[in-house]
2 protein chains.
Amino acid sequence: MKPIAQAEGAVDYQDLAFDVFSRHCPSRGTLEHVTGRWGALTLGALHEGSFRFNELRRRVDGVSEKMLSQTLHALERDGLVHREAQPTNPPRVDYELTPLGRAVAERLMALIHFVEGRMDEVLEARASYDAKRSTLDGRA
Amino acid sequence: MKPIAQAEGAVDYQDLAFDVFSRHCPSRGTLEHVTGRWGALTLGALHEGSFRFNELRRRVDGVSEKMLSQTLHALERDGLVHREAQPTNPPRVDYELTPLGRAVAERLMALIHFVEGRMDEVLEARASYDAKRSTLDGRA
DNA sequence: CAGCATCCTGCGCGATACTG
DNA sequence: CAGTATCGCGCAGGATGCTG
């Protein structure tokens, strides 16, 4: 049993600004939970409603049980996700965004959708970048 | 010499939507470049202007030379960062965002700043979460 | 169904050294 | 200064098995 992600050294945070750019800053950790591979997709999924564990697992294509569990814990600990467990049998647990989580997800989705919408440009850039590279160091 | 990040299997992307939630989607890769640990911070730094390699290295606290190089290549390939090299001696290379990169960074910064601004709430949530946990399984 | 514990592997990434 | 090449460790994270 481990405290999830409590490590990262003992620093007195009281008197330092929450600047992501500096190494030992707690906001950096949270930002990584939010933007991390699974964190981002999980928040994205939850942005559309409340879901049960395995529903989420299906929506976030490719996530393992372990990683989803881990991700949800981190987000819950950060106060972005609320976990509602009913002690029935079989058990039913629902996850949903907290108000803070919703606000974060909002911004995140703006980013995600924007990137999705511009993928053609990205793909084009990639193609021309690769073309340039291959003509440069293509000589055997 | 490797093609940066060209792997991820051969799928015909023409006829599938750019849905981040599905496994083999190119937007997922780009999103990870953007939101990844160093990608996000690099875009953030570049959002404030044009910088040289070692300037960036100093602004993004903790990034290794290797990772910064790698990150910049990925972002350049995705068409988000422009690399301006002058063949002088000593060499001078400037990095700056492309218009597309600026648009992405805009959304990203909205997210980052929001998270930074709410860190007190997050920290509070963490504290109460941890408190609850430790009283539950604290028994030796 | 919801999930924790364990084992094991790959590769992310940091450290170091070398080049133009 | 602005990078590449190489090595090696650590941990992210997948697979598997068990519990309530």
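Rules used throughout
- Numbering of residues starts from 1 in each chain and follows the order in which that chain's sequence is written.
- Chains and ligands are labelled by the order in which they are written, letters from A for the one and numbers from 1 for the other.
- In keeping with the model being predicted, local features are shown solely for residues with a pLDDT of at least 70 and side-chain atom pairs are shown and tallied solely at 80 or more, while totals for entire chains, interfaces and linings include all residues.
- Side-chain calculation: all heavy atoms of the structure are included, whereas hydrogens and water are not.
- Comment: elements are numbered from the N terminus, with helices defined as DSSP H or I runs of at least four residues and strands as E runs of at least two.
- Contacts are residue-level and defined by heavy atoms, with any inter-residue pair within 4.5 Å sufficient.
- Burial classes follow relative accessibility: with a 1.4 Å probe on protein chains only, a residue under 20% of its type's maximum area counts as buried, one over 50% as exposed, and anything between as partly exposed.
- Think of a polar contact as two N or O atoms within 3.5 Å of one another; within protein, one of them needs to be a possible hydrogen donor and the other a possible acceptor, and neighboring residues in sequence only count if both atoms come from side chains.
- Only a single heavy atom is needed: when it lies within 4 Å of a molecule or strand, its residue is near that molecule or strand.
- When the centres of two rings from Phe, Tyr and Trp lie within 6.5 Å, Trp using its six-membered ring, the rings pair. Their planes under 30 degrees apart give stacked, over 60 give edge-to-face, and anything left gives tilted.
- Placement of a charge over a ring requires the Lys NZ or Arg CZ to be within 6 Å of the ring centre, with the centre-to-atom vector within 35 degrees of the ring normal.
- Alignment of copies: least-squares fit on C-alpha atoms of residues with pLDDT of at least 70 in both copies.

Within an unreviewed UniProt entry, the label attached to chain A reads Helix-turn-helix transcriptional regulator, and the organism entered is Streptomyces himalayensis subsp. aureolus.

The next thing to look at is the environment of L41(B). Assignment of secondary structure puts L41(B) in helix α2 (residues 37-46). Placed 22 residues apart in sequence, L41(B) and V63(B) show a C-alpha to C-alpha distance of 9.5 Å. With residues up to four places along the chain from it excluded, the contact list for L41(B) reads V20(A), F21(A), R28(A) and V60(B).

The next point concerns the side chain of T98(A). Residue and element names in this part refer to chain A. Inspection of the secondary structure assignment puts T98 in the loop between β3 (92-97) and α5 (99-117). Overall, the relative accessible area of 16% leaves T98 in the buried class. Only 2.8 Å separates the side chain of T98 from the backbone oxygen of G79, close enough to count as a polar contact. Aside from chain neighbours lying at most four places away, what touches T98 is G79, L80, V81 and H82.

Next up on the list: the side chain of T30(B). Take T30(B): it is sitting in helix α1 (residues 26-35). The exposure class of T30(B) is buried, given its relative accessible area of 1%. If sequence neighbours within four positions are ignored, T30(B) has contacts with V115(A), M119(A), V122(A), R126(A) and D78(B).

Within the structure, DNA strand D sits among 18 residues, and K66(A), R52(B), E65(B), R83(B) and Y95(B) are positioned closest to it. Counting only atoms of DNA strand D within 4 Å of the protein, the fraction found in sugar and phosphate groups is 52%. Within the contact set of DNA strand D, a phosphate oxygen lies 2.7 Å away from a side-chain nitrogen or oxygen of R52(B). Mapped onto the surface near DNA strand D, the elements with two or more residues apiece are α4 (65-77) of chain A together with α3 (53-59), α4 (65-77) and β3 (92-97) of chain B. Among the elements that take part in the surface near DNA strand D, α4(B) stands out by supplying four residues, more than any other.

A separate point is the packing of aromatic side chains. Under the counting rule described, the total for this entry stands at zero aromatic pairs over all chains. For R107(A), the ring lying beneath its charged end belongs to F114(B), and the centroid distance is 4.1 Å.

Around DNA strand C there are 18 residues in total, and R52(A), E65(A), H73(A), R83(A) and K66(B) lie nearest to it. Among the atoms of DNA strand C lying within 4 Å of the protein, the sugar-phosphate backbone contributes 57%. Here Y95(A) contributes a side-chain N or O atom positioned 2.8 Å from a phosphate oxygen of DNA strand C. Among the elements of the structure, α3 (53-59), α4 and β3 of chain A together with α4 of chain B are those that each provide at least two residues to the surface near DNA strand C. Sorting elements by how many residues they give to the surface near DNA strand C places α4(A) first, with four residues.

On to the relation of the copies chain B and chain A, then. Here chain B sits on chain A after a turn of 180° about the axis and a move of 0.0 Å along it, with an RMSD of 0.0 Å. Those values place the two copies in the arrangement expected of a two-fold rotation axis. Proximity to the rotation axis, assessed at the C-alpha, singles out T35(B) in chain B; its C-alpha lies 2.7 Å from the axis. A shared binding surface is used by both copies, with 100% of the interface residues of chain B retained as interface residues in chain A.

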